[in-house]
Amino acid sequence: MKKEKKTRVAAPQYIDYVMTFTQKTVSDETIFPTKYANEFPSSFESIVRKIIRLLFHVIAHLYAAHFKEVWLLGLHAHLNLTFTHLTALHNR
């Protein structure tokens, strides 16, 4: 996997990048095969780790910058559950 140059961007741009990258990657048949007998690539684990790391960044931003709004909307349980699931995936 090629190292990408880091650039500073605003949170909405970063979150859009993360979600677009994640959707594109998960939809890629060569990375996440859905057909019987198709192999997962040797880089599969590192790709999944990157997705999890990027999603952690998004969750951390929501906690750090928007938790009050999340709480007022009654969505904190969903955010906590999402964080718990990511943590469980990360620890495997």
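Source: prediction; values computed, not measured. (Residues numbered from 1 in each chain as written. Predicted model: local features only at pLDDT ≥ 70, side-chain atom pairs only at ≥ 80, totals over all residues. Heavy atoms only, no water.)

A. Inspection of the environment of L72 at higher detail. Along the chain, L72 turns up in helix α2 (residues 44–72). Accessibility expressed as a relative area gives 65% for L72, which makes it exposed. Linking L72 and S27, residues 45 residues apart in sequence, is a C-alpha distance of 34 Å. (Helix = DSSP H or I, 4+ residues; strand = E, 2+ residues; numbered from the N terminus. Buried < 20%, exposed > 50% of the residue type's maximum accessible area, 1.4 Å probe, protein only.)

B. Representation of the side chain of T22. Along the chain, T22 turns up in helix α1 (residues 11–27). When neighbours within four sequence positions are excluded, T22 is seen to be in contact with I51 and L55. (Contact = heavy atoms within 4.5 Å.)

C. Region of the structure containing the packing of α1 against α2. Packing of α1 against α2 brings their axes to within 10 Å, and their N-to-C directions diverge by 150 degrees. As the angle between them shows, α1 and α2 are arranged roughly antiparallel. Of the two elements, α1 crosses α2, and the hand of that crossing is left-handed. Only I47, K50, I51, L54, L55, H57, V58 and H61 of α2 make contact with α1, whose side of the interface consists of A11, Y14, I15, Y17, V18, M19, F21, T22, T25 and V26. Classifying every residue of the contact of α1 with α2 gives 13 nonpolar, four polar and one charged. (Axes fitted to C-alpha atoms, helices over the stretch in contact; angles between N-to-C directions. Parallel < 35°, antiparallel > 145°, perpendicular 65-115°, else oblique. Left-handed = near helix turned anticlockwise from the far one by under 90°. Nonpolar A, V, L, I, M, F, W, Y, C, P; charged D, E, K, R; others polar.)

D. Structural view of the nonpolar core. Core analysis: the biggest nonpolar cluster contains seven residues, these being V18, F21, I31, I47, I51, L54 and V58. Counting residues per element, the ones that place at least two in this core are α1 and α2. Broken down by element, this core gets its largest block of residues, four residues, from α2. Those residues in contact with I51, other than ones at most four positions away along the chain, are F21, T22, T25, V26 and F32. I52, I59, L79 and L86 belong to the second largest nonpolar core, which has five residues in total. (Core = buried A, V, L, I, M, F, W, Y, C linked by side-chain atoms within 4.5 Å.)

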